[in-house]
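# Examining the three-dimensional arrangement
As a plain string of letters, each chain reads:
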Amino acid sequence: MSVLRKEMFDLPAGMIYLDGNSLGPLPRAVAARVAQAITGEWGAHLIKGWNVDGWMALPSRVGDAVGQLIGAPAGSVVMGDTLSIKVYQALSAALQMRPDRKVVLSDNGNFPTDLYMADGLIRHLSHGHRLDVVDPEVVMDAITDEVAAVMLTQVDYRTGRMHDIAAITAKAHAVGAVMIWDLAHSAGAVPVDIAGCHAEFAVGCTYKYLNGGPGAPAFIYVRPDLADSVQPALAGWLGHAAPFAFDLDYRPAPGVERMRVGTPPVIQLAALEAALEVWEGVEMGALRAASIALSEVFIREVEARCPELTLASPRDASLRGSQVSFRFEHGYAAMQALIARDVIGDFRAPDTMRFGFTPLYLDEGDVVRAAEIIEEVICGRLWHRPEYLARQRVT
Ligand SMILES: *Cc1c(COP(=O)(O)O)cnc(C)c1O
């Protein structure tokens, strides 16, 4: 069954949007829901909204909706903060679970903020931890019984290369390490069975394939059997067992709610909750099949038309997430020229042109049309203009 539901998105006419892996487009249901949250709830009810509009329950309610897309049972995911913060929470809790071990293992395909957060945490702890960052290809061999926590992003943000969640988690557990998966480029992109792999923690953001909008809150999953015992490093009042008792001592809430920190972003959560309605009836296996079909057409068409571009993603679709990247020496300028022609992808230093495939609102016609425009830009050297060569702040 087709997963295409373009009519549920508010995409500018004529635009081919291949950047849903960075910022998903606006689902049509969001504007009305946000307007309702602002005028119908905040405006009309003011402080009463916390109770009458259920604002305080939003992080868990929306967490359950996200959980359905990553194979997490109800009550195991909670929303809030940004992904960087959720990485910190997961890793700090993981290190407390393995006090005798000093190594955090990650790879150099990880998104830098994950590594920065790990580095900052380790320095702050001053317990002699060490962050080992290896090539993705040798992660399996680097998982030894020295490792306290393996912290990886499943899908490489630059190339789309995908780790085998089940195999790596099994190896981590075989040596007694805690497993943390960052699902930033997985949630809503590929089928994930986080409960089935038994990883202790998973984190991710919701503004990419989940279309929650810029600044949408992140999520954290804690394996249910651990949720009552993990120690939150960010011991905020809304992760307290009884926030409105205003105790002077911290007591973590039961379950994953202890991973809440402070006041939830109510308007953003309302936007996200409405955005998640587009997933109603979407089967992740069908989504994956459609994503692979689009990616294969794109690779075939671009390679046939533009020999100057080199595929940077794995050629084997089973090793790739829902994006395709090409290397091109003038990739930045070429991407600017594409954007000017309403084919929207993005650029990652030093030379990667990145295109995301989201079958909810892209069909084969879009993908072929994008390849035609890429051919015009590359073969006609249309990128060679001063306004495309000058770098902007956000690439
Ligand atoms: C997008 C992304 C982030 C972004 O973190 P924020 O705190 O939401 O800005 C972090 N990690 C990975 C792996 C990502 O892909």
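Everything quoted here is computed from the prediction, not taken from an experiment.

A full pass over the atoms with the stated rule returns 24 salt bridges. Residue Glu 200 is joined to Arg 223 by a salt bridge in which the shortest nitrogen-to-oxygen separation is 3.8 Å. On the criterion of sequence distance, the pair formed by Glu 200 in the loop between helix H8 (194-197) and strand E7 (201-204) and Arg 223 in the loop between strand E8 (218-222) and helix H9 (266-275) is long-range, its members being 23 residues apart. Among the residues examined, Arg 223 registers a relative accessible area of 17% and is labelled buried. Taken together, the shared-partner salt bridges in this structure form one network comprising Arg 300, Glu 301, Arg 305 and Glu 375.

Right, let's talk about unusual backbone geometry for a bit. Along the chain, Ala 349 connects to Pro 350 via a cis peptide bond; the corresponding omega equals 0°. One can find Pro 350 in the loop between strand E12 (346-348) and strand E13 (352-356). Even without a glycine there, the phi angle at Asp 81 is positive, about 60°. Inspection of the secondary structure assignment puts Asp 81 in the loop between strand E2 (77-80) and helix H4 (83-97).

Okay, the site of the ligand next. Taken together, Thr 82, Leu 83, Ser 84, Phe 111, Thr 113, Asp 114, Thr 153, Asp 182, Ala 184, His 185, Tyr 207 and Lys 208 make up all the residues around the ligand. Measuring from an oxygen atom of the ligand, one finds a side-chain N or O atom of Ser 84 at 2.6 Å. Taken by itself the ligand offers 390 Å² of open surface, and the protein chains cover 86% of this. Those elements that place two or more of their residues in the shell around the ligand are H4 and helix H5 (112-125).

Right, let's get into helix H12 (residues 364-379). Helix length check: H12 (16 residues) gives 22 Å between terminal C-alpha atoms against 22 Å at 1.5 Å per residue, within 8%. Where H12 is concerned, the buried positions are Asp 366, Val 367, Ala 370, Ala 371, Ile 373, Ile 374, Val 377 and Ile 378. In a view along the axis of H12, the buried residues occupy a sector of 165°, so they form one face of it. With a side-chain oxygen lying 3.2 Å from the backbone nitrogen of Gly 365, the N-terminal cap of H12 falls on Asp 363. Directly after H12, the chain includes Arg 381, whose backbone phi takes a positive value near 50°.

Moving on, we get to the sheet that holds E8. Judged by pairing direction, the sheet is mixed, and its seven strands sit side by side in the order E2-E8-E7-E6-E5-E3-E4 without closing on themselves. The open sheet is flanked by E2 and strand E4 (130-134), the only strands paired with a single partner. Ignoring strand direction, the axes of neighbouring strands in this sheet form an average angle of 20°. Bridge analysis of E2 against E8 gives four bridges, and the strand direction is antiparallel. Within E8, the position partnered with Val 78 by the bridge is Ile 220. Of the strands in this sheet, E2 and E8 are in contact with helix H3 (residues 58-70), which crosses E2 at around 120°. Helix-sheet contacts for H4 involve E2, strand E3 (103-107), strand E5 (147-153), strand E6 (178-182), E7 and E8, and the interaxial angle to E7 is about 170°.

Our next topic: the domain arrangement of the protein. As far as domains go, the protein holds domain 1 (29-279) and domain 2 (283-389). Inter-centroid distance (C-alpha atoms) of domain 1 to domain 2 is 30 Å. Of the roughly 1,500 Å² buried between domain 1 and domain 2, counting both surfaces, carbon and sulfur atoms make up 63%. Of all residues in domain 1, the largest losses of buried area upon contact with domain 2 belong to Arg 158, Thr 159 and Tyr 209, amounting jointly to 31% of the total for that side. Counting across the interface, domain 1 meets domain 2 through zero salt bridges.

Scoring rules and cut-offs
Residues numbered from 1 in each chain as written. Predicted model: local features only at pLDDT ≥ 70, side-chain atom pairs only at ≥ 80, totals over all residues. Heavy atoms only, no water. Salt bridge = Lys/Arg side-chain N within 4 Å of Asp/Glu carboxyl O. Helix = DSSP H or I, 4+ residues; strand = E, 2+ residues; numbered from the N terminus. Buried < 20%, exposed > 50% of the residue type's maximum accessible area, 1.4 Å probe, protein only. Near = heavy atom within 4 Å. Polar contact = N/O pair within 3.5 Å; in protein donor to acceptor, adjacent residues only side chain to side chain. Areas by Shrake-Rupley, 256 points an atom, 1.4 Å probe, with all protein chains shown as cover. Expected span 1.5 Å × (residues − 1). Arc of directions from axis to C-beta. Pairing = 2+ DSSP bridges. Axes fitted to C-alpha atoms, helices over the stretch in contact; angles between N-to-C directions. Contact = heavy atoms within 4.5 Å. Domains from an automatic or database assignment. Buried area = accessible area lost by both parts, 1.4 Å probe.

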